[in-house]
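Topology and contacts: notes
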Amino acid sequence: MNPELAVASPELCFIQAARSLDLVEAARLGFELCSAYRTCGDCSACDSITALSAPVTDAHSIRSYVSRYYLDPSKRVAGAAAHIIPDGAAASPMEVCLALSLILPTKCGGYQLPPPLLNHTLALTSTAKYHTRRGSLICDLYWPERRLDVEYDSDQFHLTSKQHGLDSNRADVLGRMNVNLISVTPWQFQRAAEFDSVVKSIRAMLGLHVMKYSREQSSERLQLRARLLSTTESSPITAIKQSYFEPRATM
């Protein structure tokens, strides 16, 4: 070990990067540092998933580090972003985009829903085990208090990255366990009116009052989703992901 070599922890790296990021980008960085997926290239929303592996950190560690680092974390972008990051690890870039769209504050173009658990392992009842021949199911976004599972359906990313091989009777199995299921397709995610409709269903199942969205609000939220789907090569997020996720040649 070289005594002159210093390496920043993922948590410190998050704080340092957040100084030059807005809330949306800082929150996305936190999500990706806590994620279980790796991508091949610079665009996390478009490149193929290489593998699933252990996250480099988790939401609790980031929140704890931020609270120790700043006297008043609530006044910092890092502090605000740290409390947006849910527990659990996203298994695909689109899960990150979906979750951020739902839980970011309305001022950022989000819907400000309570944070879910990411990729929560749901133990099955004996009856459900019989129908699925497995002991558990993985829920993309799960609200345990309301027993709501929101799944992102995409043949390109979701199914291949997570390789769940879930049975086509998933909704029936969850229904037997009194778990509500809402699926979100790429077509819905990229259309303002369609996604507003999905969110209304989610709000209703979470016991939240129904919100009416103006055309302007829907447009702002659509712009946020378009932003989340894009990442430039010069982004600080890309640099950090390369530092932690991509192997380096040894001298």
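Quick note: structure is the one above.
If you're wondering where the values come from, they're calculated on a predicted model, not measured in any experiment.

**With respect to the side chain of Arg225**
Inspection of the secondary structure assignment puts Arg225 in helix 11 (residues 215–228). Apart from the residues lying within four places of it in its own chain, the contact partners of Arg225 are Ser101, Tyr111, Phe189, Arg191, Ala192 and Phe195.

**Focus: the nonpolar core**
Grouped together as the largest cluster of nonpolar side chains are 52 residues, with contacts concentrated most on Phe14, Phe31, Leu98, Leu102, Val150, Phe195 and Ile202. It is helix 5 (residues 93–103) that provides the largest number of residues to this core, a total of 8 residues. Not counting the four nearest positions on each side in its chain, Leu102 is found in contact with Tyr111, Gln112, Leu113, Leu141, Trp143, Phe195, Val199 and Ile202. Leu124, Ala128, Leu174 and Val179 belong to the second-largest nonpolar core, a separate cluster that totals 10 residues.

**With respect to the sheet that holds strand 6 (residues 180–184)**
One open sheet accounts for 4 strands, arranged 3-4-5-6; its pairing is mixed. The open sheet has two edge strands with one neighbour each: strand 3 (117–123) and strand 6. For this sheet the average axis-to-axis angle between neighbouring strands, irrespective of direction, equals 50°. In terms of strand pairing, strand 3 meets strand 4 (residues 136–143) through 6 bridges, oriented antiparallel. Counterpart to His120 in the pairing with strand 4 is Cys139.

**Remarks on the pattern of salt bridges**
Two side chains carrying opposite charge are able to pair once their charged atoms lie near each other. Inspection of every chain in the model, using the stated rule, returns 8 salt bridges. Between Glu25 and Arg28 there is a salt bridge; the shortest N-O distance is 2.9 Å. Of this pair, Glu25 and Arg28 both sit in helix 2 (residues 23–33), 3 residues apart, which is roughly one turn of the helix. With a relative accessible area of 11%, Glu25 lands in the buried category. On the basis of relative accessibility, which here comes to 3%, the residue Arg28 falls in the buried class. For Arg176, the salt bridge identified is with Asp172, shortest N-O distance 3.1 Å. Here Arg176 pairs with Asp172, and both are found in helix 8 (residues 170–176), just 4 residues apart, close to one helical turn. Classification of Arg176 as partly exposed rests on a relative accessible area of 44%. One network of salt bridges, in which partners are shared, links Asp22, Glu25, Arg28 and Arg227.

**Re the packing of helix 2 against helix 11**
At a minimum axis distance of 12 Å, the contact between helix 2 and helix 11 shows a crossing angle of 45°. Compared by their axis directions, helix 2 and helix 11 come out oblique. The two elements helix 2 and helix 11 meet at a crossing, and its hand is right-handed. Between helix 2 and helix 11, the contacting residues are Val24, Glu25 and Arg28 on the first element and Leu224, Arg227 and Leu228 on the second. A class-by-class count of the residues in the contact of helix 2 with helix 11 yields 3 nonpolar, no polar and 3 charged.

**Quick word on the pairing of strand 4**
The buried count for strand 4 comes to 6 of 8 residues, which makes it a mostly enclosed element. Pairing of strand 4 with strand 5 (residues 148–152) involves 3 bridges; the strand directions are antiparallel. If you follow Leu141 over to strand 5, its bridge partner there is Val150. In sequence, strand 4 turns back onto strand 5 through a hairpin of 4 residues, with Arg147 there showing a positive phi of about 50°.

**Observations concerning the packing of aromatic side chains**
In total, this model carries 5 aromatic pairs according to the counting rule given. Ring centres of Tyr69 and Tyr70 lie 5.0 Å apart, and the angle between their planes is 75°; this geometry places the pair in the edge-to-face category. Classification of Tyr69 as partly exposed rests on a relative accessible area of 35%. Seen from their ring centres, Phe189 and Phe195 are 5.3 Å apart, and the 80° between their planes marks the pair as edge-to-face. Accessibility expressed as a relative area gives 0% for Phe189, which makes it buried. Accessibility expressed as a relative area gives 0% for Phe195, which makes it buried. Among the aromatic residues, those joined into a ring-pair cluster are Tyr111, Tyr152, Phe189 and Phe195. Cation over ring: Arg221 sits above Tyr111, and NZ or CZ is 4.4 Å from the ring centre.

About the cut-offs
Residues numbered from 1 in each chain as written. Predicted model: local features only at pLDDT ≥ 70, side-chain atom pairs only at ≥ 80, totals over all residues. Heavy atoms only, no water. Helix = DSSP H or I, 4+ residues; strand = E, 2+ residues; numbered from the N terminus. Contact = heavy atoms within 4.5 Å. Core = buried A, V, L, I, M, F, W, Y, C linked by side-chain atoms within 4.5 Å. Buried < 20%, exposed > 50% of the residue type's maximum accessible area, 1.4 Å probe, protein only. Pairing = 2+ DSSP bridges. Axes fitted to C-alpha atoms, helices over the stretch in contact; angles between N-to-C directions. Salt bridge = Lys/Arg side-chain N within 4 Å of Asp/Glu carboxyl O. Parallel < 35°, antiparallel > 145°, perpendicular 65-115°, else oblique. Left-handed = near helix turned anticlockwise from the far one by under 90°. Nonpolar A, V, L, I, M, F, W, Y, C, P; charged D, E, K, R; others polar. Phe/Tyr/Trp six-rings, centres within 6.5 Å; stacked < 30°, edge-to-face > 60°. Lys NZ or Arg CZ within 6 Å of the ring centre and 35° of its normal.

Nothing here speaks to function; it is all geometry.
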